[in-house]
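Secondary and tertiary structure notes
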Amino acid sequence: MKEQFDRKLVEKIRDSFLNHEEPFNPQEWEKLSHAYFHPRKKKKFAYWPFLISGIAASLLLVLVFWPIGDDLQKNVQTITDSISIENKQFEKAELPRQEESENLAQAEKNLGSRDANKAVLPASDSAEPDVVQREVSLPIQHVATVTDQSPSLEEMGRKLEQSMDMKQDIQENAANEKIGNLVIAQRDDTKTAQQWVDAWKGEVAGAGKSEQKESSNKMRLGLLVGPQTTSNAGEGMTLGAGIVSEFSFNNRLKLDVGVTYASHSMVPERNDALPQSDLMSSLSARSSFIGSDSELNFSGLDIPINLKYKVMDKEKSGLYLISGLSSMVYLNQKTYETYAMNSYFTTSTEGALAFRQSVQEFTHEARPEGGADGMDLGRMLNLSVGYEYNLKNGTYLSIEPYYKLPLGDMTFANQQFSIGGINFRMNFRLGK
Amino acid sequence: MSIALRYSNSREEACEIVNDSFMKVFDKLGQYAEENAFKGWFRRILINTSIDYYRKNVKYYADMEIEKAEHKICDPSVVDELSKEDILDLLRELPEAMRIIFNMYEIEGYSHQEISDSLGIPPSTCRTYLARAKQKLRDKITALNRIRDEGAVR
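Residues numbered from 1 in each chain as written. Chains lettered and ligands numbered in written order. Predicted model: local features only at pLDDT ≥ 70, side-chain atom pairs only at ≥ 80, totals over all residues. Heavy atoms only, no water.

**Side note on the overall build of chain A**
When its secondary structure is counted, chain A shows eight helices and 10 strands. Counting every position in chain A, which comprises 432 residues, the buried fraction comes to 37%. Sequence separation of at least 24 residues holds for 74% of the intrachain contacts in chain A that already meet a minimum separation of 6. As displayed, chain A offers around 25100 Å² of accessible surface, 57% of which is attributable to carbon and sulfur atoms. (Helix = DSSP H or I, 4+ residues; strand = E, 2+ residues; numbered from the N terminus. Buried < 20%, exposed > 50% of the residue type's maximum accessible area, 1.4 Å probe, protein only. Contact = heavy atoms within 4.5 Å. Areas by Shrake-Rupley, 256 points an atom, 1.4 Å probe, with all protein chains shown as cover.)

Encoded structure:
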């Protein structure tokens, strides 16, 4: 009896709703059309702020660090100078003139009987008060900075925005056109309606294929920042920052390109490769030459082109191996070479030549001539491991320890150094 | 719409399910295979959307009290007097899980295994819920019939 009742109830329900139709409700149609035609705009607004803020942050970093780099260098120079002029008996010295050089040679002859070691002893051993003189020679070679020739980040960002806008507009217009055609096709004639449905289905299938194609070319834009250091003993930790974009070949293999900015200051390890002036060569040949220090400063744009291979793929995280080549664009590169020499004579205020032992310092600043050596293509080999964590909505956070090996001489001073550090990177997915 | 009405708690909810189903149809039309009936494909989408709707709204899973089975035997003829509105009201008075299982098993013809896969519950629970749903429907129809009879006598 119970089973019979249930069977009858089921049949009743089936029969009741077999041909059931609800009356047309325009409000529901409005809802549906609104939901179908307008959702993409929401997605558009979801990632644009990230893109714009990313580009703005990158530009801000460049604008902030660029002038500060110069100021810092000037400050260091000022501090060095102030240490030198703390002595009250500091006097301005000019470059040794020709006649003074002759006098100096004569004096050296006269003093030939003196102990040679005494001549190179620090000035504090002398009975006379110390005089430390410092002289900065004019830059021997002047160059136009590489900045004017490098591509503007703002311009690159603007082009990217324009291309994304065009893509969105084309997709929306195509979708609106298809649906518009469908609305017109709503007629009672079943055959015509069927033809429309078939045609529409074909179009949507085609669009689906193209969407799949697009989705396979998913692009991600990222910001990275992280500490780095070079293998050079004279350089400590610096901060690098930049933007990177990632193009997927497939689920595991990706192309990683970008640009990062960092400022370096190091002690050249190959002094023979440094640019030298004739004046400095003649100074260093003299017997009064004590020694020299050199320093290489430059700001660099590192443009890596890497391949990322995902070795471990989990739902929320992944582990990557990254390798590729880096090209370097150098901005504001210069070397400072400071020579110290013994001086035995000085000119008093009355103009008389007086014997006074002191140490003179000459600094030679050199820059690349005419923008030469401003770029090294593929000069560093990148090796890195990256751990990526999916936060939400296509936002990824990565930690990438890396090491860059030199493949040849770099900078206009022809130095070789490797760079190591950790990048903290945030990627934002573009597109659907 | 009739499918969504049977699975939903109200007409508004049914409209939302239908709208969502149409969205899915438009988006996935490329995946539709021509050798299959469009009606069957669309029906499946509607049912899946109804289940998704149920899943979205279920925040807590709790066992329901086991009711004592009534042994009162119903008269099958009372079913004939039910209107569409009565049936919808009866179905909507069922707890959501029971309503879905009843619809899927009895009306759509899914197996217990398929239902348990869809809802993420064991097949034994599915059978229990179905039995309870039937029992509740029987009780409610009997009660409805009794009210009508009393009204007719007065």
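Next comes the rest of the write-up.
**A short note on the overall build of chain B**
The helix and strand tally for chain B stands at seven helices and zero strands. In sequence order, chain B lays out its α and β elements as α-α-α-α-α-α-α. Taken across its 154 residues, chain B has 47% of its residues classed as buried. By sequence separation, contacts in chain B at least 24 residues apart represent 70% of the contacts at least 6 residues apart. Carbon and sulfur atoms make up 51% of the accessible area of chain B, which totals about 8500 Å².

**Considering the environment of Met 164 of chain A**
Summarising the element assignment, Met 164 of chain A is placed in helix α6 (residues 153-184). Overall, the relative accessible area of 10% leaves Met 164 of chain A in the buried class.

**Observations regarding the nonpolar core**
In this structure, Leu 9 of chain A together with Ile 101, Phe 102, Met 104 and Leu 119 of chain B are the most contacted members of the largest nonpolar core, which totals 48 residues. The greatest single-element share of this core, amounting to eight residues, is contributed by helix α3 (residues 38-57) of chain B. Among residues more than four places away in sequence, those in contact with Ile 101 of chain B are Glu 106, Ile 115, Leu 119, Ile 121, Cys 126, Tyr 129 and Leu 130 of chain B. Ranked by size, the runner-up nonpolar core spans 12 residues in total, among them Tyr 330, Met 380, Met 410 and Phe 417 of chain A. (Core = buried A, V, L, I, M, F, W, Y, C linked by side-chain atoms within 4.5 Å.)

**A look at the interface of chain B and chain A**
The interface of chain B with chain A comprises 34 residues on the first partner and 26 residues on the second. Summing the contributions of chain B and of chain A, the shared interface buries around 3200 Å²; its carbon and sulfur component is 71%. On the surface where chain B and chain A come into contact, there are two salt bridges. A salt bridge links Asp 6 of chain A to Arg 138 of chain B, with the shortest nitrogen-to-oxygen separation between them at 2.6 Å. Per-element tally for the side of chain B that touches chain A: the top contributor is helix α2 (residues 11-28) of chain B, with seven residues. Across the side of chain B that touches chain A, the residue classes tally to 20 nonpolar, four polar and 10 charged. (Buried area = accessible area lost by both parts, 1.4 Å probe. Salt bridge = Lys/Arg side-chain N within 4 Å of Asp/Glu carboxyl O. Nonpolar A, V, L, I, M, F, W, Y, C, P; charged D, E, K, R; others polar.)

**Topic: the side chain of Thr 395 of chain A**
All names here are of chain A. With respect to the helices and strands, Thr 395 occurs in strand β9 (residues 395-406). The class of Thr 395 is buried, set by a relative accessible area of 12%. Non-local contacts of Thr 395, meaning those with residues more than four positions away in its chain, are made with Tyr 389, Asn 390, Met 426, Asn 427 and Phe 428.

**Quick notes on the pattern of salt bridges**
Residues and elements named next belong to chain A. Within this structure, the stated rule accounts for 19 salt bridges over all chains. Taking the shortest distance from any N to any O, the salt bridge between Arg 425 and Asp 256 comes out at 2.7 Å. Pair noted here: Arg 425 is in strand β10 (residues 419-430) and Asp 256 is in strand β4 (residues 253-266), with a separation of 169 residues, a long-range link. Residues Arg 425 and Asp 256 agree in their burial class; the two are buried. Through salt bridges that share partners, Arg 220, Glu 246, Lys 254, Asp 256, Lys 308, Glu 388, Glu 400 and Arg 425 make up one connected network.

**Some thoughts on the pairing of strand β2 (residues 219-230) of chain A**
On a regular strand, each side chain points to the face opposite its neighbour's, so the side chains alternate between the two faces of the sheet. Residues and elements named next belong to chain A. Where β2 lies against strand β3 (residues 238-248), 10 bridges are found, and the strand directions are antiparallel. Opposite Leu 223, over in β3, you have Ile 243 as the bridge partner. With 10 bridges joining them, β2 and β10 adopt antiparallel strand pairing. Residue Leu 224 lies in a different strand from β10, and its bridge partner there is Arg 425. (Pairing = 2+ DSSP bridges.)

**Considerations on the side chain of Ser 418 of chain A**
Residue and element names in this part refer to chain A. Residue position: Ser 418 is located in the loop between β9 and β10. Separated by 2.8 Å, the side chains of Ser 418 and Tyr 403 make a polar contact. Apart from the residues lying within four places of it in its own chain, the contact partners of Ser 418 are Thr 229, Thr 230, Ser 231, Met 380, Tyr 403, Lys 404, Leu 405 and Pro 406. (Polar contact = N/O pair within 3.5 Å; in protein donor to acceptor, adjacent residues only side chain to side chain.)

Geometric descriptors of this kind do not, in isolation, establish any biological role.
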